[in-house]
Amino acid sequence: MENAFGSILIISGPSGAGKSSLIEAAKDSIGDFYFSISTTTRPPRKGERNGVDYYFVDKETFEEEIRAGEFLEYAQVHGNYYGTSLKPVRKALEEGKLVIFDIDVQGHAIARERMGDLITSVFVTTPTLKELKRRLESRGTDDEETVQKRIQNAMVEIEYITAYDFLIINDDFEKALDSFIAVAKAARLKKGRKQALRFVNEWRGKSE
Ligand code: 5GP
């Protein structure tokens, strides 16, 4: 039986570890899911589109949304704000979807506090720091200063691996992809306490 209730998969890891590529490549294998599009004050990179990769806003707009309580979580990463809007996530969960968040370690900690029983989490990294540097430099999408910031951030982020359910070392992409698909399929089956109790009632033939 399909899980009738929504659940959340959080994917984190240093920029350049391959999170977006894994999500993109897994698309056709993990069934229907909703990818949570974050809001950010970071300027778009070449090729990125508003409303597809991120909602790109200025600092004032972001801070207004914080005051309005629109974020499930938000954090400052590499000097910019990034946040997950609550409304579309709630809707997707009510529709029974798997919701995927690509967020940093701070966002993971906050989301766990608020919706921990719905969350499965996976940390994706390169095998070594050296390899991360190589990938960030060869990607060529960021200037030298940004690359340095991302590397500094990665040195701190890596310590948070212990807070995650799963670790994927993205050395061989095909192997990493198989692991990611397995984690996403398991995440779909995770149910929160409220959903489990509702199921028990329905199973016994009572209405809520
Ligand atoms: P990038 O600038 O490379 O797209 O993302 C930088 C970092 O911000 C990544 O680690 C990414 O996971 C994280 N990030 C993206 N969206 C969000 C969000 O909504 N909340 C939080 N806390 N982090 C995010």
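Each remark here, short or long, concerns the structure printed above.
Treat the numbers as computed from the prediction; the structure is a model and nothing was measured.

1. A few points about the overall build of the protein chain
- Counting its secondary structure elements, the protein chain contains 8 helices and 9 strands.
- At 18 Å, the protein chain has a C-alpha radius of gyration in line with the 17 Å of a compact globule built from 208 residues.
- Across its three principal axes, the protein chain shows a C-alpha extent of roughly 60 × 40 × 30 Å.
- When the 208 residues of the protein chain are sorted by exposure, 46% land in the buried category.
- For the protein chain, long-range pairs separated by at least 24 residues make up 72% of all intrachain contacts whose partners lie at least 6 apart in sequence.
- Working note: accessible area of the protein chain is about 11,700 Å², and carbon and sulfur atoms make up 50% of it.
- Placing the 31 positive and 34 negative side-chain charges of the protein chain at their respective mean positions leaves the two points 4 Å apart.

2. Digging into the site of the ligand
- Neighbouring the ligand are 19 residues, the closest being Ser38, Arg42, Tyr54, Tyr82 and Asp102.
- At 2.5 Å, a side-chain N or O of Tyr54 approaches an oxygen atom of the ligand.
- In the model, an oxygen atom of the ligand is placed 2.7 Å from a nitrogen or oxygen of the Asp102 side chain.
- Protein chains shield 95% of the accessible area of the ligand, which is 510 Å² for the free molecule.
- When each cavity is represented as a set of grid points, the ligand is found to reside in the largest pocket.
- Counting residues per element, the ones that place at least two in the shell around the ligand are strand E5 (71-77) and strand E6 (80-85).
- When grouped by side-chain class, the residues that make up the shell around the ligand number 5 nonpolar, 7 polar and 7 charged.

Cut-offs and rules
Residues numbered from 1 in each chain as written. Predicted model: local features only at pLDDT ≥ 70, side-chain atom pairs only at ≥ 80, totals over all residues. Heavy atoms only, no water. Helix = DSSP H or I, 4+ residues; strand = E, 2+ residues; numbered from the N terminus. Rg over C-alpha atoms; globule rule 2.2 N^0.38 Å. Buried < 20%, exposed > 50% of the residue type's maximum accessible area, 1.4 Å probe, protein only. Contact = heavy atoms within 4.5 Å. Areas by Shrake-Rupley, 256 points an atom, 1.4 Å probe, with all protein chains shown as cover. Lys, Arg positive; Asp, Glu negative; His and termini not counted. Charge placed at Lys NZ, Arg CZ, Asp CG, Glu CD. Near = heavy atom within 4 Å. Polar contact = N/O pair within 3.5 Å; in protein donor to acceptor, adjacent residues only side chain to side chain. 1 Å grid on protein atoms, 1.4 Å probe; cavity = no way out; pocket = protein on both sides within 12 Å on 5 of 7 lines; lining within 4 Å. Sits in = over half its atoms within 2 Å of the grid points. Nonpolar A, V, L, I, M, F, W, Y, C, P; charged D, E, K, R; others polar.

Function cannot be read off these values alone, since they describe shape.
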